[in-house]
Amino acid sequence: MTSTSSPARGASSDTLRRLLTSRAALMTYILVALLVFASVMVPRFAQPRTATFLLLDVIAILLMAMPMTLVMINGDIDLSVASVAGLSSASLGVLYAVGMPFWWAVVVCLLIGLACGLFNGLMTAYVGLPALAVTIGTLALFRGLALVVIGDNAIANFPDGAKEFATGTIGETGIPVFMILVAVIIAVFAVVLHMTPFGRGLYALGNSMEAAHFVGVNTRLSRLYTLVASGFIASLAGIFWTLRYSSARSDNATGLELAVIAAVVLGGVSVFGGKGSIWGSVTGVLIIGVINYALRLNRIPEVVLVTITGLLLIVSVVAPSLMGSWSEWRHRRRRSRDARPENITTAGALSA
């Protein structure tokens, strides 16, 4: 009995150790430390309304970060997410203004997001163009379409029930009602990535497209599905953004793709593909949200917040490479030291 249970206990211990020392766990520790530090050092941070405004600030980024995690794990990238959100926002305003029932307009906007993601996916997976080049182009294309749709106008006066769903809170908790839907979406993406063959195929695809194809992964469909999901969720983020600020404009969510990518990479997703987790991306979004909200409470200018986001993106990309190079150097040095004949002189004297 002892000999049978010991290996199992050892395996469980190793699994727990890996979880506690993983990148996602490290980001969780950093997030908790930041929350404690901000609560102590930043005036007005440790208040119930902090949960409301902080979460409202990060919901759009958090939504777009979920499919972006899958897209980047399989080795692609989607730079058009903020433009899709802007196009969705502009379309929602115009459709509602011309008399379409609000929830039907929401459905149409979600279909527009699907169409944008489908275009990106087809150009990338089936035409064979790099996702970076395609989505740089559609970043400008979709933003231009938003301007064509609504012009320089701003449309407001959306239904009170819809605005309450976007900005209302759950009782006295301060947690926005919309976070219920966000939590469901996070759970769905976590299950898809970590508990299905499709998710395991994305990791294989990110490490090597040829190897993934060899083991039976449909690489084209995998890349298509993730980019379609990215467009769909980006349109949902655009709808939330419109209701949160009660304004449909062509420039809504401009520049948000930087924050999304920075958060995902900070959470442990490799820009080269093959690495990352949903929880890591969630913590990355929340860390950037906490930093920005704390600095905003101290009346730090917006340009400084953008600069900090850019610095976090650079550090997130460079730090893993530096750590990998350091570990490889130490490993080579250790092997060289172990291979060195330490006792040649002593052995020669003894043989003589």
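Residues numbered from 1 in each chain as written. Predicted model: local features only at pLDDT ≥ 70, side-chain atom pairs only at ≥ 80, totals over all residues. Heavy atoms only, no water.

*Asks:* Would you explain the overall build of the protein chain in this entry?
*Replies:* If you tally the helices and strands in the protein chain, you get 15 helices and 0 strands. Within the protein chain, the fraction of its 352 residues that count as buried is 44%. Considering only intrachain contacts with a sequence separation of at least 6, the fraction spanning at least 24 residues in the protein chain is 78%. Within the structure as shown, the protein chain displays about 18100 Å² of accessible surface, and the carbon and sulfur contribution to it stands at 69%. (Helix = DSSP H or I, 4+ residues; strand = E, 2+ residues; numbered from the N terminus. Buried < 20%, exposed > 50% of the residue type's maximum accessible area, 1.4 Å probe, protein only. Contact = heavy atoms within 4.5 Å. Areas by Shrake-Rupley, 256 points an atom, 1.4 Å probe, with all protein chains shown as cover.)

*Asks:* How should I be thinking about the nonpolar core in this particular structure?
*Replies:* Side chains of a nonpolar character, in soluble globular proteins, are inclined to be buried together. Within the largest apolar cluster, 85 residues are counted, with the highest numbers of intra-cluster contacts made by Phe45 and Leu63. If near-sequence neighbours (up to four positions away) are discounted, Leu63 is found in contact with Phe178, Val182, Ile185, Ile233, Leu236 and Ala237. (Core = buried A, V, L, I, M, F, W, Y, C linked by side-chain atoms within 4.5 Å.)

*Asks:* Looking at this structure, I do not really get the side chain of Ser247. What am I missing?
*Replies:* In this fold, Ser247 is placed in the loop between helix 11 (219–245) and helix 12 (256–266). Leaving out residues up to four positions away in the same chain, Ser247 has contacts with Ser89, Ala154, Ile155, Phe158, Thr242 and Asn252.

*Asks:* Would you mind going over helix 2 (residues 23–41) with me for this structure?
*Replies:* Because each turn of an α-helix spans 3.6 residues, side chains separated by three or four positions in sequence point in the same direction. Between its terminal C-alpha atoms helix 2 stretches 26 Å, which fits the 27 Å expected from 19 residues at 1.5 Å a residue. Turning to helix 2, its buried residues number three or more, namely Ala24, Ala25, Met27, Leu31 and Ala38. All buried residues of helix 2 project into a common sector of 160 degrees when viewed along the axis, lining one side. Every exposed residue of helix 2 that faces more than 90 degrees away from the buried side is listed here: Phe37, Val40 and Met41. (Expected span 1.5 Å × (residues − 1). Arc of directions from axis to C-beta.)

*Asks:* Before we go on, may I ask you to explain the pattern of salt bridges in this structure?
*Replies:* Between side chains of opposite charge, a pair can form when the charged atoms approach closely. Scanning the model with the defined rule gives 5 salt bridges in all. In this structure, Asp76 engages Arg223 in a salt bridge whose closest nitrogen and oxygen atoms are separated by 2.9 Å. Of the two residues, Asp76 is situated in the loop between helix 3 (48–73) and helix 4 (81–97) and Arg223 in helix 11; the sequence distance between them amounts to 147 residues. The exposure class assigned to Asp76 is buried, which follows from its relative accessible area of 9%. Residue Asp251 pairs with Arg249 through a salt bridge whose shortest N-O separation is 3.0 Å. You can call Asp251 partly exposed: its relative accessible area is 37%. Assessed through its relative accessible area of 33%, Arg249 is described here as partly exposed. One connected set of salt bridges, linked through shared partners, spans Asp57, Arg244 and Arg296. (Salt bridge = Lys/Arg side-chain N within 4 Å of Asp/Glu carboxyl O.)

*Asks:* Please explain helix 6 (residues 131–150) as it appears in this structure.
*Replies:* Between its terminal C-alpha atoms helix 6 stretches 28 Å, which fits the 28 Å expected from 20 residues at 1.5 Å a residue. Turning to helix 6, its buried residues number three or more, namely Ala131, Val134, Thr135, Thr138, Phe142, Arg143, Ala146 and Ile150. Where helix 6 is buried, its residues touch helix 4 and helix 5 (102–126). Two residues or fewer after helix 6 comes Gly151, characterised by a positive phi angle close to 65 degrees.

*Asks:* Is there a simple way to explain the packing of aromatic side chains in this structure?
*Replies:* What characterises a pair of aromatic rings is the spacing of the ring centres plus the angle enclosed by the ring planes. Following the criterion strictly, the structure yields 9 aromatic pairs and no others. Consider the rings of Phe102 and Trp103, whose centres lie 4.9 Å apart with planes at 80 degrees: the pair is edge-to-face. Here the aromatic cluster, defined as three or more aromatic residues joined through ring pairs, consists of Tyr96, Phe102, Trp103 and Phe158. (Phe/Tyr/Trp six-rings, centres within 6.5 Å; stacked < 30°, edge-to-face > 60°.)

*Asks:* I keep staring at the environment of Met179 and nothing clicks. Help me out?
*Replies:* The residue Met179 is located in helix 8 (residues 178–195) in this model. Through-space distance from the C-alpha of Met179 to that of Leu56 is 8.7 Å; in sequence the pair is 123 residues apart. Look past the residues within four positions of Met179 in its chain and what remains in contact with it is Leu55, Ile59 and Leu62.

*Asks:* Just to check I follow, could you spell out the side chain of Thr135 for this structure?
*Replies:* Within the secondary structure, Thr135 is located in helix 6. What makes Thr135 buried here is its relative accessible area of 0%. Apart from residues no more than four positions distant in its own chain, Thr135 is found in contact with Ile77, Asp78, Leu79, Ser80 and Asn120.

*Asks:* Got a minute to help me understand a nonpolar patch on the surface in this structure?
*Replies:* A cluster of nonpolar side chains, namely Val271, Phe272, Leu311, Ile314, Val317 and Val318, defines an oily patch on the protein surface of about 540 Å² accessible area. Mapped onto the secondary structure, Phe272 falls in the loop between helix 12 and helix 13 (278–297). Given the relative accessible area of 65%, Phe272 is considered exposed. (Patch = residues over 30% accessible without salt bridge, like charges linked within 9 Å, V, L, I, M, F, W, Y side chains within 5 Å.)

*Asks:* How should I be thinking about the packing of helix 8 against helix 9 (residues 197–207) in this particular structure?
*Replies:* The description of two packed helices rests on the angle between their axes and on the distance between the axes. In contact at an axis separation of 5 Å, helix 8 and helix 9 are set at 65 degrees when each is read in the N-to-C sense. The orientation of helix 8 relative to helix 9 falls into the category roughly perpendicular. Listed contacts from helix 9 to Val192, Leu193, His194 and Met195 of helix 8 are Phe198, Gly199, Arg200, Leu202 and Tyr203. Classifying every residue of the contact of helix 8 with helix 9 gives 6 nonpolar, 2 polar and 1 charged. (Axes fitted to C-alpha atoms, helices over the stretch in contact; angles between N-to-C directions. Parallel < 35°, antiparallel > 145°, perpendicular 65-115°, else oblique. Nonpolar A, V, L, I, M, F, W, Y, C, P; charged D, E, K, R; others polar.)

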